[in-house]
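Examining the three-dimensional arrangement
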Amino acid sequence: MIRRPPRSTLFPYTTLFRSLSVTGYVFSSYALVMVLASPFMGTMLAAAGVKFTLISGIFLASGCNILFGALNYINDCTVFTIFCFVLRSIEALGATAFFTGAWTTIAEVFPDDVSYVFGLMETFVGLGMSAGPALGGALYSLGGYELPFYSLGAFMMATVPVCLIVLPDPQTTKNNNESQSSSLLRLIRIPAVLIVSLVVTVLCGIWGFLDPTLAPHLSDFGVTPETTGILFLLMAATYSITCPIVGRIGDKWNCKYTMMCIGSILTAGCLILMGPSVILPCIQNDMSLNTLAVLLLGITLGIGVIPTFQAMLDAAYEGGFEDNTITYGLVSSVFSATSSLGEFLGPSVGGVLFEYYSFDFASTCVAITTATTAVIVGISMFFRKNKADTRSEFSASIVSKSRKLSRTSLSDSGIYGSNGRTPLMSSSI
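The tally for this structure, following the rule as stated, stands at 3 salt bridges. Note that glutamate 91 and arginine 88 form a salt bridge whose closest N and O atoms lie 3.2 Å from each other. Residue glutamate 91 and its partner arginine 88 are located together in helix H4 (residues 77-109), separated by 3 residues, close to a single helical turn. By relative accessible area, which is 6% here, glutamate 91 ends up buried. Here arginine 248 makes a salt bridge to aspartate 113, at a shortest N to O gap of 3.3 Å. A residue pair is termed long-range when its members are at least 10 positions apart, and arginine 248 in helix H9 (residues 225-253) and aspartate 113 in the loop between H4 and helix H5 (114-143) qualify at 135 residues. Classification of arginine 248 as partly exposed rests on a relative accessible area of 37%. Given the relative accessible area of 27%, aspartate 113 is considered partly exposed.

See the structure below:
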């Protein structure tokens, strides 16, 4: 799930009389802007600071939510469409800034539990995706189209002063040897970073693939849109439950690549069953089989996605990057770009395959792509274990211990407390 573009159950109904096709373009533009903006967020983190980037992202996104509630008063179709794209694009910029800053903060504050904290963060993302439609529908019944957007925007805006008080302000270190752009290019040239980026793009694309295709596929059983929405909520629920468990396992056993490989294989299996795939002609299309596949898909995606951020950080360290906030920001930028790319390609490619062929053919193509990704990860694991001059995955614990010692040695500098933790962690214990 990572950071999926919000799906509004209210916006399409309000814009229906203007242009139904505009609705799809407005939603897809969200992920596209994130792809384009993410590479620049590392530079912003270095120039403006992590805390400012994160809070400014919340401010932009909350303001756009409030303004979206006022779009209902625009009667001119052209003006309405322009404002939709403008607000959606600015909201995407805010979301990119927020999540890039949030992931950087996770790496800075919880260096030894990145996967676990990342999993907890994804749990709350899943809870938001589950509760959002129900809460939005209730607010819509109470106050019409404007109230859900006004309420969400006001709630997000209220978190700004809280973040100003609670969040630490990691000190960024200027890199005098190379520019941010050259550092980013050097990062994406690392083979392990490219492999993890492929995993993120493919697995994040699966969520988007199901958005435009699952409901028409299940319509053969007479399933209503409400029932399809419940299936999405259940998938988000299983994903939310799985994330912290997978994160803890990844941090404790340092089996990130193994989990990415297993998660990708199991995800491919779920997609094959969901069709069912054309390669399984003996299995009939059944609602219970589709329901089971959807529920399992939330678990398998959690297994494959959660270890990726820590794996990308480790790959950066192995590639010669220093353990500092600049590196965290660069990795967060690449991670944001690749996850957004998957969220953009998933519904685009999946929709075309479904329209010109069928769901079982489309799901088979996505499953083959996912299985191929698992094979690539497996091959990389083999070479990582057998390459003597490269740190293997299972030596990452040594890096973690050295990072902990280096942070303890900084306790007298004022950046960390006497216990080696940041002020945020110290105050929470």
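From this point on, the discussion continues.
What follows is about the packing of aromatic side chains. If you walk through the whole model with that rule in mind, you get 15 aromatic pairs. A centroid spacing of 5.9 Å and a plane angle of 20 degrees characterise the contact between phenylalanine 209 and phenylalanine 359, whose relative ring orientation is stacked. Of this pair, phenylalanine 209 sits in helix H8 (residues 191-218) while phenylalanine 359 sits in helix H14 (residues 359-386), placing them 150 residues apart in sequence. The same class applies to phenylalanine 209 as to phenylalanine 359, namely buried. For the pair phenylalanine 354 and phenylalanine 359, a centre-to-centre distance of 6.5 Å together with 75 degrees between the ring planes defines the contact as edge-to-face. Judged by its relative accessible area of 25%, phenylalanine 354 is partly exposed.

In a regular helix each residue adds 1.5 Å, so 21 residues correspond to 30 Å; helix H6 (residues 146-166) covers 31 Å between its end C-alpha atoms and thus fits that length. Residues of H6 that are buried include every one of Glu146, Pro148, Phe149, Gly153, Val160 and Cys163, and no others.

This brings us to the packing of H5 against helix H12 (residues 308-318). A packed helix pair is summarised by two numbers, namely the angle formed by the two axes and the spacing between the axes. Taken N-terminus to C-terminus, the directions of H5 and H12 make an angle of 145 degrees; their axes are 8 Å apart at the nearest point. The interaxial crossing formed by H5 with H12 has right-handed handedness. Packed against H5, whose contacting residues are Val114, Ser115 and Phe118, the element H12 presents Phe309, Gln310 and Leu313 at the interface. Its residues assigned to classes, the contact of H5 with H12 shows 4 nonpolar, 2 polar and no charged.

Attention now moves to the nonpolar core. By size, the foremost hydrophobic cluster in this structure holds 78 residues, and its most contacted members are Leu187, Leu210, Tyr257 and Phe309. The element contributing the most residues to this core is H8, with 14 residues. Those residues within four positions of phenylalanine 309 in sequence are excluded, and the remaining contacts are Trp103, Ala107, Val114, Phe118, Val331, Ser332 and Phe335.

Looking now at unusual backbone geometry. Here the bond from glycine 275 into proline 276 is cis, since omega is -10 degrees, no more than 30 degrees from zero. Structurally, proline 276 can be placed in the loop between helix H10 (256-274) and helix H11 (287-305). In this model, asparagine 254 sits at a positive phi of 50 degrees, which is unusual for a non-glycine residue. The residue asparagine 254 is located in the loop between H9 and H10 in this model.

Next up on the list: the environment of glycine 329. Structurally, glycine 329 can be placed in helix H13 (residues 325-356). Take glycine 329: its relative accessible area is 1%, and that puts it in the buried class. Distance from glycine 329 to glutamate 108, taken between C-alpha atoms, is 10.0 Å for residues 221 residues apart in sequence. Leave out the neighbours within four places in its chain, and glycine 329 touches Gly42, Leu45, Thr100 and Thr104.

At their nearest, the axes of helix H3 (residues 50-70) and H4 sit 7 Å apart, and the two run at 150 degrees to each other. Taken together, the axes of H3 and H4 are roughly antiparallel relative to one another. As for the relative orientation of H3 and H4, their crossing is left-handed in sense. Counted by class, the contact of H3 with H4 contains 15 nonpolar, 7 polar and 2 charged residues.

The rules behind these values
- The written sequence of each chain sets the order in which its residues are numbered from 1.
- Local features in this predicted model are restricted to residues whose pLDDT is 70 or higher, and side-chain atom pairs enter the listing and the counts only when it is 80 or higher, whereas totals over whole chains, interfaces and linings include all residues.
- Think of the side-chain values as coming from all heavy atoms in the structure, minus any hydrogens and water.
- Put simply, a salt bridge is a Lys or Arg side-chain nitrogen that is within 4 Å of an Asp or Glu carboxyl oxygen.
- Secondary structure follows DSSP: runs of H or I at least 4 residues long count as helices, runs of E at least 2 residues long count as strands, and numbering of each begins at the N terminus.
- Buried, partly exposed and exposed residues are distinguished by accessible area as a fraction of the type maximum, computed with a 1.4 Å probe on protein chains only: under 20%, between the cut-offs, and over 50%, respectively.
- Aromatic pairing here means that ring centres of Phe, Tyr or Trp (its six-membered ring) are within 6.5 Å. Orientation follows from the plane angle: under 30 degrees is stacked, over 60 is edge-to-face, and everything else is tilted.
- Helix span is expected to be 1.5 Å times the residue number reduced by one.
- All axes here are fitted lines through C-alpha atoms, helices being fitted over the stretch that makes contact, and every angle between N-to-C directions spans 0 to 180 degrees.
- Each crossing gets its handedness from the near helix: less than a right angle anticlockwise from the far helix is left-handed, clockwise is right-handed.
- In this analysis, two residues are considered to be in contact whenever any of their non-hydrogen atoms come within 4.5 Å of each other.
- In this classification, Asp, Glu, Lys and Arg are treated as charged, Ala, Val, Leu, Ile, Met, Phe, Trp, Tyr, Cys and Pro as nonpolar, and every other residue, Gly included, as polar.
- For the purposes of this section, nonpolar cores are sets of buried Ala, Val, Leu, Ile, Met, Phe, Trp, Tyr and Cys residues that join through side-chain atoms within 4.5 Å.
- Should an angle lie under 35 degrees it is considered roughly parallel, over 145 roughly antiparallel, and from 65 to 115 roughly perpendicular; all remaining angles are considered oblique.

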